[in-house]
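As a plain string of letters, each chain reads:
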Amino acid sequence: MTSFNLNNSPFWAAVWAIVWKDLQIEKQTRQTISVMSMFSLATVIMFNFALEANLAAARQVATGLLWSTILLAGTLGLNRSLAIERENQTMEAVLMAPIQRGAIYLGKVIGITLFTLILELILIFVFIIFFDKPLWRPPVLLVLFLGTVGYIAAGVIVTSMTIQTRTREVLLPVLLLPLSLPLVLPAAMAVAAYMFPQTPPFAEVQSPISIVIIYDLLMLSAGFLTYHYVVES
Amino acid sequence: MLTIAPMIQINGLVKNYGLNPVLRGVNLYVRQGEFITLVGPNGTGKSTLLRIVATLLTKTAGEVKIGGWPLPEHAEKVRRYIGLVSHQPLLYGDLTAAENLRFFARLYRLDNREERVMAALKTVGLLARQRDPVSTFSRGMVQRLTIARATLHEPDVLLLDEPYTGLDQDAARLLDDLLRKEQENGRTIFMITHDLVHGLNLCDRALILNRGKIVADLPSSQIAPHDFLDLYAEHTGRHGG
C-alpha cells in the first residue's frame, strides 16, 4: 500500500529539504521578500499618486493593480529563487541526489509560493489603506492563494527553462505573462466580485474559481511530469 | 555498497551535441578502488564523459554501467553511489558550512545526520568554521567543504572535474591528502585534470583523451612523468603542463 506519511516518504522528505533550504537562505539574506516588497510598494505608491486626482477611478482599477503588482513581483521572486541555484551551479549537486525531479519542482513551487503569500499579506493591508477595498475576506484570500499557486507553478517551469539563457530577465516575463492570462483573468474577476459590501452569490464566482483551480492542477501536473526534461540536458 | 566489478564500464560511448560529435566511441573499465586520471586538451570531451558518468548528461549511443547498473535507466539508483567534486563548488554561498551539509544529508536521507555532518566537517578541518557562511571562505576552504559534501553519503565512486583549479600550493596539498584518504577508504576515483604530472603522481592509471577517443591507457607505475609528457605531446600535438 502506498504510504502518504510526509516524514517517511522519500519524495516528501526531498520536497521539504528543498523548502527548508530556500527558507534558510531567505532567513540569512532576506533578499527575495524584501526585493518583492520594495518593488510592490513603489508600484502601489506610484499608482496612488498618479490616480490621486480621481479616487473613484483608482478604486475601480485597484483589483487589476493588485494582480499586476503580484505578477510582476512574482517574476522577481522566481528569478531570484532560481538564480540562487545557478550562482554556484548548485542545481547540479541537487540533480545528483537520488531524488525524483518532481520533488525538486514541488519544493521550489512551495518555497516561492510562501514568499509570494507573505508579500500578498503586506499588499492587502497597503491596498486597504490606499484604496479602501474589503480585501481581508476569506473568499478573496482563497482566490489570491489559488491564483498564486497557479502562477508560481507555471513560473517555476518557465524560469527553469530560461535561467540558463543570456536573456533570462527579458524572457521570463515575455513567456510567463501570456501563459498566465487564463489564470489571471478569472482570478481578477473573482476578486472583483467580492469588492462590493454585499457578498455575491456563489454561482457568480463559481465559474472563474473553477477555471483557476483547473489551471493550478494543469500547471502542477505539467511541471511535476516534465521537470525531468526541463532540468536535465 | 556496490560490489560488482568493474565499477565503471563504458563501451562504445558516443555523445553528440546536435551534429557535433564530442565522444566518438569511448571504451573504459575502472575497477573498484582504482584511481583514474583522465587528461586531454580542451574541448576533447573530458567533462562530457564525466558528466555522463555523473548521470547529469545522457549519452547518444553506447553503453555506460556504474556498479553493473546501466545508465540512464537506473540513474536514480546509481546517484546514491556517486559523489561529484567540480571546479564549481556546488554549494550555497549564503548558507553556513554546516547548513550546506545538513541540506545534502536531508536530500540523501542519511541516518544520524548531525553526527555525520560534524564528522565530515572535522575530517576536512572546518569544524571551527561550521557557522560561517560559505561566501566568506577562501577557495581552498570551499574546495575542502566540496569534498565533504561529495563524500557525506559515502559514495563508492568519486568524480573529480578539475578539482585543483584556483588552489594555492597549501590547499592543493590538503586536497592531495584528502584524496589519498578517500582512496584508502576504498573509493573508486575518476579525476579530470590539466596538471599531467600531478595527476599521474596521484593515480593508478592515466588516460589520455583526444578528439573524443581514449588514445592511451597506462598504469602510472610503468611510466615516468617526462615520458608521460612526451606521450601526451605525441598523441595530442600539444605540450602538457
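Since we're looking at a predicted model, the values are computed, not measured.

## Overview of the overall build of chain B
Point 1. Within chain B, the regular secondary structure consists of eight helices and ten strands.
Point 2. The C-alpha radius of gyration computed for chain B amounts to 18 Å, which stays within 12% of the reference 18 Å derived for 241 residues, consistent with globular compactness.
Point 3. Expressed along its principal axes, the backbone C-alpha trace of chain B runs to roughly 50 × 40 × 35 Å.
Point 4. Buried residues in chain B amount to 55% of all 241 residues.
Point 5. Look at the contacts in chain B between residues 6 or more apart in sequence, and 67% of them connect residues 24 or more apart.
Point 6. Here chain B contributes 29 positive and 26 negative side-chain charges, whose respective centroids are spaced 6 Å apart.

## A look at the sheet that holds strand β9 (residues 205–210) of chain B
Residues and elements named next belong to chain B.
Point 1. Across the sheet, which stays open at both edges, the six strands sit in the order β6-β7-β8-β3-β9-β10 with mixed pairing between neighbours. A strand with exactly one partner marks an edge of an open sheet, and here the two such strands are β6 (82–85) and β10 (213–219). Shown here is a sheet whose adjacent strand axes are inclined to one another by a mean of 15 degrees, direction ignored.
Point 2. As judged from the four bridges shared by strand β3 (residues 35–39) and β9, these two strands associate in the parallel manner. Paired with Thr 37 across the strands is Ala 206, a residue of β9.
Point 3. Running over the sheet, helix α1 (residues 46–53) touches β3, β6, β7 (157–161), β8 (188–192) and β9 and is turned about 150 degrees from β8.
Point 4. In the packing of helix α5 (residues 139–151) onto the sheet, contacts are made with β6 and β7, and the angle to β6 comes to roughly 165 degrees.

## Side note on the nonpolar core
Point 1. Ranked by size, the top nonpolar core spans 156 residues in total, and within it Leu 107, Leu 145, Leu 179 and Phe 190 of chain B carry the most contacts.
Point 2. When residues in this core are grouped by element, the largest group, 13 residues, is from helix α6 (residues 101–131) of chain A.
Point 3. If we skip the residues at most four places from it in the chain, Leu 107 of chain B touches Ala 14, Ala 17, Ile 18, Val 94, Ala 97 and Ile 99 of chain A.

## A short note on the sheet that holds strand β5 (residues 69–71) of chain B
Residues and elements named next belong to chain B.
Point 1. The four strands are arranged β2-β1-β4-β5 in an open sheet whose pairing can be described as antiparallel. The open sheet has two edge strands with one neighbour each: β2 (20–30) and β5. Taking each pair of neighbouring strands and ignoring which way they run, the sheet shows an average axis angle of 30 degrees.
Point 2. Pairing of strand β1 (residues 8–17) with β2, which is carried by eight bridges, proceeds in the antiparallel orientation. Looking at β2, one finds that Val 14 is bridged to Arg 24.
Point 3. Sheet strands touched by α1: β1, β2, β4 (61–66) and β5. Its angle to β1, the strand with the most contacts, is close to 120 degrees.

## Considering the packing of helix α3 (residues 97–107) of chain B against helix α4 (residues 113–123) of chain B
Residue and element names in this part refer to chain B.
Point 1. Interhelical geometry of α3 versus α4 gives an angle of 130 degrees and a closest axis separation of 10 Å. As far as their axial angle goes, α4 and α3 are oblique. The two elements α3 and α4 meet at a crossing, and its hand is right-handed. Residue-level inspection shows Ala 97, Ala 98, Leu 101, Arg 102, Ala 105 and Arg 106 of α3 in contact with α4, the latter providing Arg 113, Glu 114, Val 117, Met 118, Ala 120 and Leu 121.
Point 2. Taken together, the residues of the contact of α3 with α4 sort by class into eight nonpolar, no polar and four charged.

## Concerning the environment of Leu 106 of chain A
All names here are of chain A.
Point 1. One can find Leu 106 in helix α6.
Point 2. Among the residues examined, Leu 106 registers a relative accessible area of 16% and is labelled buried.
Point 3. Along the backbone, Leu 106 and Leu 179 are 73 residues apart, and their C-alpha atoms lie at a distance of 19 Å.

## Re the interface of chain B and chain A
Point 1. Tallying the contact residues gives 28 residues for chain B and 34 residues for chain A.
Point 2. For the pair chain B and chain A, the summed buried surface comes to about 2,800 Å²; carbon and sulfur atoms form 61% of the total.
Point 3. At the junction of chain B and chain A, the tally comes to two salt bridges.
Point 4. Residue Glu 92 of chain A is joined to Arg 51 of chain B by a salt bridge in which the shortest nitrogen-to-oxygen separation is 2.4 Å.
Point 5. At the boundary of chain B and chain A, one finds seven residue pairs in polar contact (both at pLDDT 80 or more).
Point 6. Only β6 and α3 of chain B provide two or more residues apiece to the side of chain B that touches chain A.

## Quick notes on α1 of chain B
Point 1. Among the eight residues that make up α1 of chain B, six are buried, leaving the element largely enclosed by the rest of the structure.
Point 2. Where α1 of chain B ends, the next residue or the one after it, Thr 55 of chain B, has phi of about 70 degrees, a positive value.

## Description of the pairing of β9 of chain B
All names here are of chain B.
Point 1. For β9, the tally of buried residues reaches six of six residues, placing the bulk of the element in the interior.
Point 2. Here β9 shows two buried faces, one formed by Arg 205, Leu 207 and Leu 209 and the other by Ala 206, Ile 208 and Asn 210.
Point 3. In this sheet, β10 lies alongside β9 in antiparallel orientation, the contact comprising six bridges. Opposite Leu 209, over in β10, you have Ile 214 as the bridge partner.
Point 4. From the end of β9 to the start of β10, which pair antiparallel, there are two residues, and Arg 211 there has a positive phi angle of about 50 degrees.

## Brief notes about unusual backbone geometry
All names here are of chain B.
Point 1. Here the residue pair Leu 71 and Pro 72 is connected by a cis peptide bond, since its omega of 5 degrees sits within 30 degrees of zero.
Point 2. Within the secondary structure layout, Pro 72 lies in the loop between β5 and α2 (75–78).
Point 3. Phi at Glu 154 takes a positive value of approximately 50 degrees, unusual for a residue other than glycine.
Point 4. The backbone of Glu 162 shows a phi angle near 50 degrees, a positive value even though the residue is not glycine.

## Describing helix α8 (residues 225–236) of chain B
Residues and elements named next belong to chain B.
Point 1. For α8, built from twelve residues, the straight-helix expectation of 16 Å at 1.5 Å per residue is met to within 8% by its first-to-last C-alpha distance of 16 Å.
Point 2. Looking at α8, one finds that the buried residues are Phe 228, Leu 231, Tyr 232, Ala 233 and Thr 236.
Point 3. If you follow the buried residues of α8, they end up packed against β3, α7 (196–202), β9 and β10.

Definitions and cut-offs
- Residues numbered from 1 in each chain as written.
- Chains lettered and ligands numbered in written order.
- Predicted model: local features only at pLDDT ≥ 70, side-chain atom pairs only at ≥ 80, totals over all residues.
- Heavy atoms only, no water.
- Helix = DSSP H or I, 4+ residues; strand = E, 2+ residues; numbered from the N terminus.
- Rg over C-alpha atoms; globule rule 2.2 N^0.38 Å.
- Buried < 20%, exposed > 50% of the residue type's maximum accessible area, 1.4 Å probe, protein only.
- Contact = heavy atoms within 4.5 Å.
- Lys, Arg positive; Asp, Glu negative; His and termini not counted.
- Charge placed at Lys NZ, Arg CZ, Asp CG, Glu CD.
- Pairing = 2+ DSSP bridges.
- Axes fitted to C-alpha atoms, helices over the stretch in contact; angles between N-to-C directions.
- Core = buried A, V, L, I, M, F, W, Y, C linked by side-chain atoms within 4.5 Å.
- Parallel < 35°, antiparallel > 145°, perpendicular 65-115°, else oblique.
- Left-handed = near helix turned anticlockwise from the far one by under 90°.
- Nonpolar A, V, L, I, M, F, W, Y, C, P; charged D, E, K, R; others polar.
- Buried area = accessible area lost by both parts, 1.4 Å probe.
- Salt bridge = Lys/Arg side-chain N within 4 Å of Asp/Glu carboxyl O.
- Polar contact = N/O pair within 3.5 Å; in protein donor to acceptor, adjacent residues only side chain to side chain.
- Expected span 1.5 Å × (residues − 1).

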